[in-house]
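So you can see what is in the structure, the chains are spelled out below.
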Amino acid sequence: MALSPQITNLVIILGMMQVSKKIPFDDPQVLLGVRILYVVSNLVIFGLYYYIGMKIKSKRDLTTLKYVEPAPMGSGEEPKLVTTTIQEYDSNQVAAQYKQQLMGCAMMAFMHVYMKYTNPLLIQSIIPLKGAFESNLVKVHILGKPAAGELKRPWKAAGGMMNMGQGAPVTDKASVEAAERAGRGGAKEE
């Protein structure tokens, strides 16, 4: 029985909080080492996403992908039909991962530089790296797993603070046809 990523993240966070209590962050050499670990971790993540982006472009999978994107909860909007290609969809997923990683770096920079917190550097050197290697992009484009079952596009949004209130995309034929008839979206992005 495999543990869910959320449970393993919690275990890692709790464990690293205990470890970080024992690390002498007031020693400049130790602090420099933890900073270097954080930077290297982020460079590995950005390099991984860059490599995945290159693989997506080289595959040029122009298979059409249609799905109904649910409206954000409480917005009063209608669900929107999205018609795209697998290449465009995967490229958008990589761009979203870049943006998420940059936001994490900005938050960490604020917490470390302005608020003088050092303990999160250690945790944020591990959790995002683990998350990147567990992502659907890595499973499909690096590990070569077939895009079927849980890996069938469109992928469910990972549960997080930014995705709260957003349902999973719907791909069944009846929902797609109903959205096409209603005229909600459907313009193919080139």
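Scoring rules and cut-offs
- Residues numbered from 1 in each chain as written.
- Predicted model: local features only at pLDDT ≥ 70, side-chain atom pairs only at ≥ 80, totals over all residues.
- Heavy atoms only, no water.
- Phe/Tyr/Trp six-rings, centres within 6.5 Å; stacked < 30°, edge-to-face > 60°.
- Helix = DSSP H or I, 4+ residues; strand = E, 2+ residues; numbered from the N terminus.
- Buried < 20%, exposed > 50% of the residue type's maximum accessible area, 1.4 Å probe, protein only.
- Salt bridge = Lys/Arg side-chain N within 4 Å of Asp/Glu carboxyl O.

Some words on the packing of aromatic side chains
Here the structure, examined in full by the defined rule, presents five aromatic pairs. Ring plane angle 65° and centroid distance 5.7 Å describe the contact between Tyr 89 and Trp 155, whose orientation is recorded as edge-to-face. Of this pair, Tyr 89 sits in helix α3 (residues 86–114) while Trp 155 sits in the loop between α5 (136–141) and α6 (173–182); the two residues are 66 residues apart in sequence, bridging distant segments of the chain. Residue classification places Trp 155 among the buried positions, given a relative accessible area of 6%. Relative to Tyr 114, the ring of Phe 110 has its centre 5.9 Å away and its plane inclined at 40°; by these criteria the two rings are tilted. Of this pair, Phe 110 and Tyr 114 are both found in helix α3, four residues apart, which corresponds to roughly one turn of the helix. For Phe 110, a relative accessible area of 45% gives the class partly exposed.

Notes on the pattern of salt bridges
On inspection of all chains with the given rule, the structure shows two salt bridges. Close ionic contact of Asp 90 with Arg 153 constitutes a salt bridge, the shortest N to O distance being 2.7 Å. Note that Asp 90 is positioned in helix α3 and Arg 153 in the loop between α5 and α6, a separation of 63 residues in sequence. Judged on exposure class, the residue Asp 90 and its partner Arg 153 are both buried. Residues Lys 130 and Glu 134 are paired through a salt bridge, measuring 3.0 Å at the closest nitrogen-oxygen approach. Residue Lys 130 and its partner Glu 134 are both found in helix α4 (residues 119–134); the two are separated by four residues, about one turn of the helix. In this structure Glu 134 comes out as partly exposed when scored by relative accessible area, which is 31%.

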